[in-house]
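Each chain, written out:
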Amino acid sequence: MITAIVFVNAETARIPEVAQQIADLPGVSEVYSVTGTVDLIALVRVRSIDEVATVVSDRLNKVPGVIETETHVAFRAYSTHDLEAAFSLGAD
């Protein structure tokens with residue numbers, strides 16, 4: 001399994017709909033709205049590097065409202081913590 005982390009800049013007024021459209025793409029496991037220099041972070045989990053290219057270049061980049069993306073491919077995971085728990089704020 002290959003994991004790619006995609007930083008997405010989107011048109012400000014369209015961030016929620018862009019996030020949902022990206023989340024609905026096959027191969028995208030999660031999309032987070034974040035603070036900082038990017039608007040969204042998408043996690044792509046697929047079986048091959050070619051599939052990363054397909055998801056990001058052929059689908060994600062073509063979502064209306066996406067301005068720019070930057071993709072980082074993960075080499076190794078150093079934590080086995082549940083991602084849902086890691087990103088859950090204030091939950092017990």
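My aim in this report is to walk through the structure given alongside it, one point at a time.

So, how was this worked out
Residue numbers run consecutively from 1 along every chain, following the written order of its sequence. The model is predicted, so local features are restricted to residues of pLDDT at least 70 and side-chain atom pairs to those at 80 or more, both for listing and for counting; the totals for chains, interfaces and linings are taken over all residues. Note that the side-chain values use all heavy atoms of the structure and ignore hydrogens as well as water. Strands here are runs of E lasting at least two residues and helices are runs of H or I lasting at least four, both read from the DSSP assignment and numbered beginning at the N terminus. The cut-offs for exposure are 20% and 50% of the maximum accessible area for each residue type, with area from a 1.4 Å probe on protein chains only; residues under the lower value are buried, those over the upper are exposed, and the others partly exposed. In this analysis, two residues are considered to be in contact whenever any of their non-hydrogen atoms come within 4.5 Å of each other. Only the protein chains shown count as cover for residues, and all accessible areas are computed by the Shrake-Rupley method using a 1.4 Å probe. Among buried residues, the Ala, Val, Leu, Ile, Met, Phe, Trp, Tyr and Cys ones that are joined through side-chain atoms within 4.5 Å form a nonpolar core. Note on definitions: salt bridges are taken to be side-chain nitrogens of Lys or Arg within 4 Å of carboxyl oxygens of Asp or Glu. Between any two strands, pairing holds if DSSP finds at least two bridges. A fitted line through C-alpha atoms serves as each axis, taken over the contacting stretch for helices, and the angle formed by two N-to-C directions is quoted from 0 to 180°. Arc, as used here, means the arc of the directions from the helix axis to the C-beta atoms.

In this section: the overall build of the protein chain. Along the backbone of the protein chain there are 3 helices and 4 strands. Along the chain direction, N to C, the helices and strands of the protein chain fall in the order β-α-β-β-α-β-α. Considering the protein chain as a whole, with its 92 residues, one finds that 30% of them fall into the buried category. Put simply, of all contacts in the protein chain between residues at least 6 apart along the chain, 67% involve residues at least 24 apart. For the protein chain, the accessible surface area stands at approximately 6200 Å², while carbon and sulfur atoms represent 53% of it.

What follows covers the nonpolar core. Counting 21 residues, the largest nonpolar core has I22, V28, L40 and V44 as the members making the most contacts within it. Mapped onto this core, the elements with two or more residues apiece are β1 (2–10), α1 (15–23), β2 (28–33), β3 (40–46) and α2 (49–59).

This part takes up the pattern of salt bridges. Two side chains bearing opposite charge may form a pair once their charged atoms approach each other closely. A full pass over the atoms with the stated rule returns 3 salt bridges. A salt bridge links R14 to E17; the shortest N-O distance between them is 3.1 Å. Residue classification places R14 among the partly exposed positions, given a relative accessible area of 25%. Put simply, E11, R14 and E17 are held in one network by salt bridges that share partners.

Next up on the list: the sheet that holds strand β4 (residues 66–73). Across the sheet, which stays open at both edges, the 4 strands sit in the order β2-β3-β1-β4 with antiparallel pairing between neighbours. Here the strands that pair on one side only, and so sit at the sheet edges, are β2 and β4. In this sheet, neighbouring strand axes are inclined to one another by 20° on average, regardless of whether the strands run parallel or antiparallel. Relative to β4, β1 runs antiparallel, the two sharing 7 bridges.

Of all the positions in α1, only I15, V18, A19 and I22 are classed as buried. For α1, the arc enclosing every buried residue in end-on projection is 100°, short of the 170-degree limit, so these residues lie on one face. In this structure, the buried residues of α1 make contact with β1, β2, β3 and β4.

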